[in-house]
Amino acid sequence: RRGAGGRPRADLIPHMIIYLYGKDSYRRLRKAQDIVADYRARNETGAIRAFDLKETEAMDAFHTDTSSPSLFRSSTLTVLTNAFSDEMTSGERKRLKDRLKTLAGDAKAFVLFSEVSAPPRGWTFLTESPARVQECAPLSGKAFVSFAIEEARRIMTPDSDRKVHY
């Protein structure tokens, strides 16, 4: 599965945007934690960066971090929250959109969103293939009971290395 010179073939390197959204913040957080854990397991020299774009200076830090290639990281997982904050100016939104479109084509870049709602109009590239999308809508009835039982079993397993951390 390697190309010329022993390097991985570009078509086998997964690069993507993952968009998690929904009002069930617990399941959204759990899914994000699973994605981060999987990334760590697959990319030992990869970096993980998190940016809450509602915070002052976070947008500049995000752009600086994602614009400068590293000699020491194999790839980067960037976790974004509050990407569509009401406080964001139209200039900041355009800057974010342009940067994300660039990252979408970068084989070393993984971008994970964790948002309450689906992306706004005009941001369909976040939800179209090859991006991955998952809604975490609140559960009720049997689905909720089943999830609660499975989650309790997972957390209570003595040898589990996938505990919930806050």
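Residues numbered from 1 in each chain as written. Predicted model: local features only at pLDDT ≥ 70, side-chain atom pairs only at ≥ 80, totals over all residues. Heavy atoms only, no water.

S.K.: Explain the side chain of Asp65 to me, please; I cannot follow it from the model alone.
M.R.: Positionally, Asp65 belongs in helix 2 (residues 58-67). What makes Asp65 buried here is its relative accessible area of 17%. Only 3.2 Å separates the side chain of Asp65 from the side chain of Arg49, close enough to count as a polar contact. Excluding residues within four positions of it along the chain, Asp65 makes contact with Arg49, Phe51, Arg73 and Thr76. (Helix = DSSP H or I, 4+ residues; strand = E, 2+ residues; numbered from the N terminus. Buried < 20%, exposed > 50% of the residue type's maximum accessible area, 1.4 Å probe, protein only. Polar contact = N/O pair within 3.5 Å; in protein donor to acceptor, adjacent residues only side chain to side chain. Contact = heavy atoms within 4.5 Å.)

S.K.: Would you take a moment to explain unusual backbone geometry for this structure?
M.R.: The bulk of non-glycine residues show a negative phi, and the bulk of peptide bonds are trans. A cis amide bond, omega 15 degrees, links Ser129 with the succeeding residue Pro130. By the secondary structure assignment, Pro130 is in the loop between strand 4 (109-115) and strand 5 (132-135). The phi angle at Glu57 is positive, at roughly 75 degrees, despite the residue not being glycine. A relative accessible area of 56% places Glu57 in the exposed class. Unusually for a residue other than glycine, Asn82 sits at a positive phi of about 55 degrees. Considering the arrangement of structural elements, one finds Asn82 in the loop between strand 3 (76-81) and helix 3 (90-104).

S.K.: What am I meant to see in the side chain of Arg28 here?
M.R.: Among the structural elements, Arg28 can be located in helix 1 (residues 25-42). Put simply, Arg28 is tucked away with no salt bridge, and the nearest opposite charge, on Glu115, sits 6.8 Å away. (Lys, Arg positive; Asp, Glu negative; His and termini not counted. Salt bridge = Lys/Arg side-chain N within 4 Å of Asp/Glu carboxyl O.)

S.K.: How should I be thinking about the sheet that holds strand 4 in this particular structure?
M.R.: Sheet strands associate in pairs through backbone hydrogen bonding, adopting either a parallel or an antiparallel arrangement. Read from one edge to the other, the open sheet built from 5 strands follows the order 2-3-4-1-5, with strand pairing classed as parallel. Strand pairing shows two members of the sheet lacking a second neighbour, strand 2 (47-52) and strand 5, which therefore form its edges. Strand-to-strand twist in this sheet, taken as the mean axis angle between neighbours without regard to direction, amounts to 15 degrees. Both strand 1 (residues 16-21) and strand 5 contribute to a ladder of 4 bridges, which runs parallel. When the sheet's bridge partners are listed, Leu20 is paired in strand 5 with Gln134. Relative to the sheet, helix 3 contacts strand 1, strand 3 and strand 4, its axis offset from that of strand 4 by approximately 130 degrees. (Pairing = 2+ DSSP bridges. Axes fitted to C-alpha atoms, helices over the stretch in contact; angles between N-to-C directions.)

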